[in-house]
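# Report on the structure
The chain contents come next:
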Amino acid sequence: MGTNLVTYVSHIGEGLHNIAEVSDLHNNTAVKSLNLHSNAIQHIGGLDHLRNLSNLNLSSNNIQVIENLSSLVNLTNLNLSSNCIVELRGLAGLSRLQQVNVSYNTLTSIAGISDLHGRAGSLQKLNIQHNNLSTLQSLAPLAGCLQLQQLKVGGNPCTLSQAAYAALRQVLPQVQQLDESEAASLAMSWQLAHAQLQAFHQSTQQLQYPQLDETEQPSRAAKKQAREDPRRLPQARARPAEVLQEPATAGYPAQALSTISTNEDSSSLEAQSSADLLDLQPVSGAAGHQQQPPAALLAQQYRLPDEEE
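Residues numbered from 1 in each chain as written. Predicted model: local features only at pLDDT ≥ 70, side-chain atom pairs only at ≥ 80, totals over all residues. Heavy atoms only, no water.

## Things to note about the overall build of the protein
Threshold: Secondary structure is summarised from DSSP: a helix means a run of H or I of at least four residues, a strand means a run of E of at least two, and numbering begins at the N terminus for each. Burial status follows relative accessibility: with a 1.4 Å probe on protein chains alone, a residue under 20% of its type maximum counts as buried, one over 50% as exposed, and anything between as partly exposed. Whether two residues are in contact is decided by their heavy atoms, any of which lying within 4.5 Å being enough. Each accessible area is a Shrake-Rupley result for a 1.4 Å probe, and residues are judged covered by the shown protein chains and nothing else.
Counting its regular elements, the protein contains six helices and 10 strands. Across the 309 residues that make up the protein, the buried fraction comes to 34%. Residue pairs at least 24 apart in sequence account for 45% of intrachain contacts in the protein once pairs closer than 6 positions are excluded. Per element, the accessible surface of the protein, about 18400 Å² overall, is 49% carbon and sulfur.

Printed below as a string of structure tokens:
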């Protein structure tokens, strides 16, 4: 006649914002395993009555602080990976806790692991990979975890070298398994990526872009003189002689270019692009002039945009 209570509760990826939204937990003290992976939970709460809970998975949520767990006296496995936790603390009273996963957070301190120190502590496996632990001194609290057998610490700034793992083996003799091989593989991948990036930079630096010879580049005096007197335009800016098949009339360069030969060669294309780059404007009353050399004709027929009348 008794009610059948659920012992395993799982709500994965349902967008939950609060543990209290899980109806399966209401008045249910028999729950032994709770999986709320990949939700939007920000705070830990509403678990005080789950004294039989042994497995708690709150990974991939938005939790920033480890809190309200002290009543879970039978908890043995805690997964808080992929959250926003900065400090490892809030584990007081969890004397039976054997496995803790806080990888892929933003941890800068694990000082709170001291709550699991001593021979009464049960912590055997700890995963603190891929956090922001910057110095080996930040790992010093691990020395008090006397039952610790497996430690994963790769992906932190303090464990990027093999020397760091050598130091850890000396100060943590109780640890039998370190993720040294994983870290070495990761370091090799980083080194390979860095070498490839270096090679790419070197190859791009060796590329030589064509530059005009100094003798071909107009001097400052020549540029200034060209601005003051359009008749002294550099040869590269002068319109080719073959463009002027007949006396030009007042109008824009496109009209003066109407008599270009229809030959689809590179010279005609270069002539048109040069004329367009000049962006010349007609001067009033310039019609009716006789055939003249290109530079003089340009001076009389057109003016630069910044030239005063």
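## Concerning the side chain of Asp-179
Definition in use: Only four residue types enter the tally: Lys and Arg on the positive side, Asp and Glu on the negative side, with His and both chain ends excluded. In the sections that follow, a salt bridge refers to a side-chain nitrogen of Lys or Arg positioned within 4 Å of a carboxyl oxygen of Asp or Glu. Nitrogen and oxygen atoms within 3.5 Å of one another constitute a polar contact, given that in protein one can donate a hydrogen and the other can accept it, and given that sequence-neighbouring residues count only through two side-chain atoms.
On the secondary structure map, Asp-179 appears in the loop between β8 (177-178) and α2 (180-206). Notably, Asp-179 is buried but unbridged: the nearest opposite-charge side chain belongs to Lys-152, and the N-O separation is 7.2 Å. Among the polar contacts made by the side chain of Asp-179, one reaches the main-chain amide nitrogen of Gly-154 at a distance of 2.7 Å.

## Overview of the nonpolar core
Rule in force here: What is meant by a nonpolar core is a set of buried Ala, Val, Leu, Ile, Met, Phe, Trp, Tyr and Cys residues, joined one to another through side-chain atoms within 4.5 Å.
Ranked by size, the top nonpolar core spans 48 residues in total, and within it Leu-47, Leu-56 and Ile-128 carry the most contacts. Not counting residues up to four positions away in its chain, the partners in contact with Ile-128 are Val-102, Ser-103, Leu-107, Ile-110, Leu-133, Leu-139, Leu-151, Lys-152, Val-153 and Asn-156.

## Considerations on the sheet that holds strand β4 (residues 77-79)
Quick reminder of the rule: At least two bridges found by DSSP between two strands is the condition for calling them paired.
With parallel pairing, the eight strands of this open sheet are ordered in space as β1-β2-β3-β4-β5-β6-β7-β8. Of all strands in the sheet, those bounded by a partner on one side alone are β1 (8-10) and β8. Relative to β8, strand β7 (residues 150-152) is paired through two bridges, and the arrangement is parallel. Bridge pairing links Leu-151 to Leu-178 in β8.

## Thoughts on helix α1 (residues 162-171)
Think of an α-helix as turning once every 3.6 residues; residues three or four places apart then point the same way. Keep this limit in mind: The arc refers to the directions leading from the helix axis to the C-beta atoms.
Those residues of α1 lying buried are Ala-164, Tyr-165 and Leu-168. Projected down its long axis, α1 carries its buried residues within an arc of 95 degrees, all on one side. Across α1 from its buried face, at more than 90 degrees, point the exposed residues Ala-163 and Gln-170.

## Focus on unusual backbone geometry
One non-glycine residue with positive phi stands out, namely Ser-60, at about 55 degrees. Mapping Ser-60 onto the fold places it in the loop between β3 (55-57) and β4. A residue is classified by how much of its surface remains accessible, and Ser-60, at 25% relative accessible area, is partly exposed. The backbone of His-130 sits at a positive phi, close to 55 degrees, despite the residue not being glycine. When you line up the elements, His-130 lands in the loop between β6 (125-127) and β7.

## A short note on the environment of Glu-67
Assignment of secondary structure puts Glu-67 in the loop between β3 and β4. Other than its neighbours up to four places away in sequence, Glu-67 contacts His-43 and Ile-44.

## Here we look at the confidence of the model for the protein
Where the model shows low pLDDT, its predicted coordinates should not be examined in detail. Rule in force here: pLDDT measures the predictor's confidence residue by residue and takes values from 0 up to 100.
Here the protein shows a mean pLDDT of 77. Residues at 70 or above account for 61%. Taken together, the stretch residues 241-292 has pLDDT below 50 and engages in 61 contacts with residues farther than four places along the chain or on a different chain.

## Thoughts on the environment of Thr-29
One can find Thr-29 in the loop between β1 and β2 (33-35). Separated by 21 residues in sequence, Thr-29 and Leu-50 have C-alpha atoms that sit 5.1 Å apart. Each residue touching Thr-29, except ones within four places of it in the same chain, is listed here: His-49 and Asn-52.

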